[in-house]
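Structural features, examined
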Amino acid sequence: MQLILATTFLHAGAVIAQFTALGKLVYDISHREMDLGWIGLAEFAPALLLVTITGSVADRFDRRKVALISITGEALCAFALAFYAHSKPTSVFPIYLIGLGFGTFRAFTAPATRSLPINLAPDGALPRVTAFYSTSWQLSTIAGPVIGGVFYAVGTTWPFIVAGGMALASGLCVISITLRRPQEVRKDRPTLHAALEGFRFVRRTPILLGAIALDLFAVLFGGAVALLPAIAEDRLHVGSVALGFLRAAGGVGAGIT
């Protein structure tokens, strides 16, 4: 179980650290709040467009290998951002392209890693494993932004290098996991009907549909934290370190709760 917790903390921490530093970098380049939203869309759009494919891949191949490949891709995107940040950039367009690539890899990472706890938990221990899994993720929402902000203050390339290193470390952890229950890999031919079964199940289960819809709206409106780089600079007149702590404040509050 320690390996899945380490994977979760390192990977989520890397993603959030990168997102924090990337928002700061984008705003330093363009000073346009709208660009912060476009970067978020560039990273989210692949997950939406590939939603019928990514889950099927996680069901039909070894999830640990899928996670390793996709996390390695995320790390390469982080290193590409480091290289671009080092080049004294004047345009945010290349960042959009890297963000699309990162979002594509992340779309495959999510279903592969989030479904692993069921294969790791001893009999009757899934609720406990899920609680530890959630706690590890919550800690990463606190540590990740601080890492991103502090290393950005050291140098614009460093948060992306650190995020890439954390991602690679999480990939090594996930491929080292030993499953208590072998994954039941699907062998049937993939079809669109099978890919859409999850949507039909949610529609047939009103309480699940309501819970997901409420969470969706909370996440969408909560996405205003993407504006923190602009707020930190233009309103609060603070640097990247304070930005990191601002971004981590939500995680601290959630952790206390």
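In short, a report on the structure. (Residues numbered from 1 in each chain as written. Predicted model: local features only at pLDDT ≥ 70, side-chain atom pairs only at ≥ 80, totals over all residues. Heavy atoms only, no water.)

Another point: the packing of helix H1 (residues 2-30) against helix H8 (residues 158-175). Here H1 crosses H8 at 160°, and the two axes come no closer than 8 Å. In terms of orientation, H1 lies roughly antiparallel with respect to H8. Here H1 and H8 pass one another in a crossing that is left-handed. In contact with Leu3, Ala6, Thr7, Leu10, His11, Gly13, Ala14, Gln18, Ala21, Leu22 and Leu25 of H1, H8 contributes Pro159, Phe160, Ala163, Met166, Ala167, Ala169, Ser170, Cys173 and Val174. Among the residues forming the contact of H1 with H8, the class breakdown is 15 nonpolar, 5 polar and no charged. (Axes fitted to C-alpha atoms, helices over the stretch in contact; angles between N-to-C directions. Helix = DSSP H or I, 4+ residues; strand = E, 2+ residues; numbered from the N terminus. Parallel < 35°, antiparallel > 145°, perpendicular 65-115°, else oblique. Left-handed = near helix turned anticlockwise from the far one by under 90°. Contact = heavy atoms within 4.5 Å. Nonpolar A, V, L, I, M, F, W, Y, C, P; charged D, E, K, R; others polar.)

Another point: helix H2 (residues 33-49). Residues spaced three or four apart along an α-helix point in a common direction, a consequence of the helix completing one turn every 3.6 residues. Spanning 17 residues, H2 covers 25 Å between terminal C-alpha atoms, matching the ideal 24 Å at 1.5 Å per step. At Glu43, H2 is bent by approximately 30°, the largest bend along its length, and proline Pro46 sits one to four residues beyond. Looking at H2, one finds that the buried residues are Asp35, Leu36, Ile39, Ala42, Glu43, Ala45 and Pro46. As for H2, its buried residues are in contact with H1, helix H5 (93-114) and helix H12 (228-235). (Expected span 1.5 Å × (residues − 1). Bend = angle between axes of the 7 residues up to and from the residue. Buried < 20%, exposed > 50% of the residue type's maximum accessible area, 1.4 Å probe, protein only.)

Our focus in this paragraph is the environment of Pro46. Within the secondary structure, Pro46 sits in helix H2. The spatial distance from the C-alpha of Pro46 to the C-alpha of Leu216 is 17 Å, given a sequence separation of 170 residues.

The next point concerns a nonpolar patch on the surface. A surface patch of nonpolar side chains, amounting to about 780 Å² of accessible area, comprises Leu76, Phe79, Val150, Val154, Trp158, Ile161, Leu168, Val241 and Phe245. Looking at the nonpolar patch, the element that brings in the most residues is H8, giving 3 residues. Along the polypeptide, Val150 turns up in helix H7 (residues 126-154). Val150 sits in the partly exposed class, given a relative accessible area of 34%. (Patch = residues over 30% accessible without salt bridge, like charges linked within 9 Å, V, L, I, M, F, W, Y side chains within 5 Å. Areas by Shrake-Rupley, 256 points an atom, 1.4 Å probe, with all protein chains shown as cover. Salt bridge = Lys/Arg side-chain N within 4 Å of Asp/Glu carboxyl O.)

Attention shifts here to the packing of helix H3 (residues 51-60) against H5. It is the contact of H3 with H5, at a shortest axis distance of 8 Å, that shows an interaxial angle of 45°. Classified by the angle between their axes, H3 and H5 sit oblique to one another. The chirality of how H3 crosses H5 is right-handed. Residue-level contacts link Ile53, Thr54, Gly55, Val57 and Ala58 of H3 to Ala107, Phe108, Pro111 and Ala112 of H5. Split into classes, the residues belonging to the contact of H3 with H5 amount to 7 nonpolar, 2 polar and no charged.

A few words on unusual backbone geometry. Backbone geometry at His31 places phi at a positive 55°, although glycine is not the residue there. Judged by relative accessible area, which is 44%, His31 ranks as partly exposed. Of note, Lys88 is a non-glycine position whose phi angle comes to about 55°, a positive value. If you trace the backbone, Lys88 turns up in the loop between helix H4 (63-86) and H5.

Turning to the environment of Gly223, a few remarks are in order. Structurally, Gly223 is set in the loop between helix H11 (206-222) and H12. Each C-alpha atom, one on Gly223 and one on Ser70, is 24 Å from the other, the two residues being 153 residues apart in sequence.

This brings us to the pattern of salt bridges. Inspection of every chain in the model, using the stated rule, returns 7 salt bridges. Glu233 is the partner of Lys24 in a salt bridge, and the nearest nitrogen-oxygen pair spans 3.7 Å. One end of the pair, Lys24, is in helix H1; the other, Glu233, is in helix H12, with 209 residues separating them in the sequence. Taking the relative accessible area as the measure of exposure, Lys24 reaches 11% and is therefore buried. A relative accessible area of 23% means that Glu233 is categorised as partly exposed. Its salt-bridge partner being Glu197, residue Arg200 comes within 3.1 Å of it at the nearest N-O pair. Here the residue Arg200 and the residue Glu197 both occupy positions in helix H10 (residues 197-204), the gap between them amounting to 3 residues, near one helical turn. Take Glu197: its relative accessible area is 30%, and that puts it in the partly exposed class. If you follow the salt bridges from partner to partner, you end up with Lys24, Asp28 and Glu233 in one network.

That is the geometry; function is a separate question.
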